[in-house]
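Listed below, chain by chain, are the residues.
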Amino acid sequence: VLRCLGIPTRVVTNFNSAHDKNLNLSIDKYIDVSGNNLHLSEDSVWNFHVWNESWFIRRDLGSFYDGWQVLDATPQEKSKGIYQCGPASTRAIKEGDVNLDYDSPFVFAAVNADCVTWIRYSKKRKERIYSDTRKIGKFISTKAVGTNSRVDITANYKYPEVKEISFKISYSQYKNSLMDDRKILVTAV
């Protein structure tokens with residue numbers, strides 16, 4: 001419909017799409033001490049989810065948020081009392097501006113939520129045992145113009161994941177670095 005009105009629109013697929021029911025930006029899984037799933041969270045991770053993007057000027061949010069906007073024709077949650085999602089600025093999602101209207105927190109979580117596993121010892125005591133900050137929002141894609149090729153647009157939604165670099169140091173090097181830190185601290189006081 002939007003294309004018929006002359007508004008640029010494209011279909012977008014998000015692989016490993018988070019469905020963050022409580023909008024805490026975390027997909028929580030709870031297990032008991034035996035490792036059995038406790039089904040305490042309504043959060044989930046979908047293999048993929050599809051939505052549309054349309055190109056808008058955002059006078060309501062300011063020109064910083066102009067550009068591609070997420071519109072989900074199959075929203076799974078109510079927004080302001082009705083089933084709707086968007087238009088959420090992809091720029092806002094990338095920058096983490098989750099305080100804006102139009103479901104930015106929900107879309108942000110769909111592409112950026114952390115997957116966290118908790119052991120629940122009792123109703124009052126739980127412990128985080130695993131966290132994956134890289135699983136969600138993979139290969140966010142659209143179709144290339146004029147061909148059937150896939151275009152990866154993940155960079156429109158999130159900054160590149162930081163790669164961890166492992167290295168080894170001897171205990172004496174580690175011990176000496178602690179001594180250096182203490183010298184700096186004493187000097188600063």
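Rules used throughout
- Residues numbered from 1 in each chain as written.
- Predicted model: local features only at pLDDT ≥ 70, side-chain atom pairs only at ≥ 80, totals over all residues.
- Heavy atoms only, no water.
- Helix = DSSP H or I, 4+ residues; strand = E, 2+ residues; numbered from the N terminus.
- Core = buried A, V, L, I, M, F, W, Y, C linked by side-chain atoms within 4.5 Å.
- Buried < 20%, exposed > 50% of the residue type's maximum accessible area, 1.4 Å probe, protein only.
- Contact = heavy atoms within 4.5 Å.
- Salt bridge = Lys/Arg side-chain N within 4 Å of Asp/Glu carboxyl O.
- Pairing = 2+ DSSP bridges.
- Axes fitted to C-alpha atoms, helices over the stretch in contact; angles between N-to-C directions.

Asks: Hey, could you run me through the environment of Ala155 in this one?
Replies: Relative to the helices and strands, Ala155 is located in helix α3 (residues 154-157). For the pair Ala155 and Thr90, spaced 65 residues apart in sequence, the C-alpha to C-alpha distance is 10.0 Å.

Asks: Can you help me understand the nonpolar core in this one?
Replies: Among soluble globular proteins, nonpolar side chains are generally buried collectively. Ranked by size, the top nonpolar core spans 13 residues in total, and within it Trp51, Val70, Ile93, Val107 and Tyr157 carry the most contacts. For this core, the element with the highest residue contribution is helix α2 (residues 104-112), accounting for four residues. The residues touching Ile93, leaving out its near neighbours within four places in the chain, are Val70, Ala88, Ser104, Val107, Phe108, Val111, Asn112 and Tyr157.

Asks: Whenever I open this one, the pattern of salt bridges confuses me. Can you help?
Replies: Side chains that carry opposite charge are capable of pairing whenever their charged atoms lie near each other. Inspection of the entire model under this criterion finds four salt bridges. Note that Arg10 and Glu53 form a salt bridge whose closest N and O atoms lie 2.7 Å from each other. Of this pair, Arg10 sits in strand β1 (residues 9-19) while Glu53 sits in strand β3 (residues 44-56), and the two are 43 residues apart along the sequence. The two residues Arg10 and Glu53 agree in class, both being buried. In this structure, the salt-bridge partner of Arg150 is Asp152, at a minimum N-O distance of 3.7 Å. On the basis of relative accessibility, which here comes to 48%, the residue Arg150 falls in the partly exposed class.

Asks: What's the story with the sheet that holds strand β9 (residues 126-132) in this structure? I'm lost.
Replies: Across a sheet, strands are paired by hydrogen bonds formed along the backbone, either parallel or antiparallel in direction. One open sheet holds the three strands; their spatial order is β2-β8-β9, and the pairing between them is mixed. The open sheet has two free edges, formed respectively by β2 (26-31) and β9, since each of these has just one partner strand. Mean inter-strand twist for the sheet, computed between neighbouring axes without regard to direction, equals 25°. Of the pairings in the sheet, the one linking strand β8 (residues 114-120) to β9 comprises six bridges and is antiparallel in character. When the bridges of β9 are listed, Thr117 appears paired with Tyr130.

Asks: Honestly, the sheet that holds strand β4 (residues 67-71) in this entry has me stumped. Any pointers?
Replies: Ordered in space as β7-β4-β3-β1-β10-β11, the six strands form an open sheet in which the pairing is antiparallel. On the outer flanks of this sheet lie β7 (88-89) and β11 (150-152), each paired with one strand and no other. Across two bridges, β1 lies against strand β10 (residues 138-143) in antiparallel orientation. Bridge pairing links Thr13 to Ser141 in β10. Sheet strands touched by α2: β1, β3, β4, β7 and β10. Its angle to β1, the strand with the most contacts, is close to 70°.

Asks: What's the story with the pairing of β8 in this structure? I'm lost.
Replies: Side-chain direction in a regular strand flips from residue to residue, so the side chains alternate between the two faces of the sheet. Counting buried positions along β8 yields five of seven residues, so the element is predominantly enclosed. One ladder, built from six bridges, connects β2 with β8; its direction is parallel. Following the sheet pairing, Ser26 is matched in β8 by Asp114. With antiparallel pairing between neighbouring strands as the criterion, β8 and β9 make up a hairpin whose turn holds five residues.

Asks: How should I be thinking about unusual backbone geometry in this particular structure?
Replies: Despite not being glycine, Asn16 shows a phi value in the positive range, around 55°. In this structure, Asn16 sits in strand β1. In this structure Asn16 comes out as partly exposed when scored by relative accessible area, which is 25%. Phi at His39 is positive, roughly 50°, even though this residue is not glycine. By the secondary structure assignment, His39 is in the loop between β2 and β3. Of the residues examined, His39 reaches a relative accessible area of 65% and is grouped as exposed.

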